[in-house]
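Residues per chain are reported as follows:
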Amino acid sequence: MRLTDFWERMAEHFGETYADSFARDHVMSELGGRTVYEALDAGWGAKDVWRAVCVANEVPRHLR
């Protein structure tokens, strides 16, 4: 998954403003105690991060 696709999905699910806030501030156990930004910076693939976001936030199937 390209980062562009990842951020589009984040914005679609959370809204553009909250997507950035969530990615910056929400520490997720599914990401090893990292935020979305920290996981991406640590080398996690966008697809893996998106899957973790989906699990943690009950993202509807049509957005997965």
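Residues numbered from 1 in each chain as written. Predicted model: local features only at pLDDT ≥ 70, side-chain atom pairs only at ≥ 80, totals over all residues. Heavy atoms only, no water.

Under the annotation held in an unreviewed UniProt entry, the protein carries the name DUF3046 domain-containing protein and is attributed to Streptomyces sedi.

## Quick word on the nonpolar core
Phe6, Met10, Val36, Val49 and Val53 are the most contacted members of the largest nonpolar core, which totals 19 residues. Broken down by secondary-structure element, the contributors of at least two residues to this core are helix H1 (3-14), helix H2 (16-25), helix H3 (36-41) and helix H4 (46-57). Sorting elements by how many residues they give to this core places H4 first, with six residues. Among all residues touching valine 53, those that are not within four sequence positions of it are Met10, Phe14, Phe22, Met28, Val36 and Val59. (Core = buried A, V, L, I, M, F, W, Y, C linked by side-chain atoms within 4.5 Å. Buried < 20%, exposed > 50% of the residue type's maximum accessible area, 1.4 Å probe, protein only. Helix = DSSP H or I, 4+ residues; strand = E, 2+ residues; numbered from the N terminus. Contact = heavy atoms within 4.5 Å.)

## A few points about the packing of aromatic side chains
Aromatic rings considered in pairs are described by the distance between their centres and by the relative angle of their planes. Under the definition given, this model contains six aromatic pairs. A centroid spacing of 4.9 Å and a plane angle of 80° characterise the contact between phenylalanine 6 and tryptophan 7, whose relative ring orientation is edge-to-face. The class for phenylalanine 6 is buried, based on a relative accessible area of 0%. Classification of tryptophan 7 by relative accessible area gives partly exposed; the value is 26%. Taken together, a centroid distance of 5.3 Å and an interplanar angle of 35° make the contact between tryptophan 7 and tyrosine 37 tilted. (Phe/Tyr/Trp six-rings, centres within 6.5 Å; stacked < 30°, edge-to-face > 60°.)

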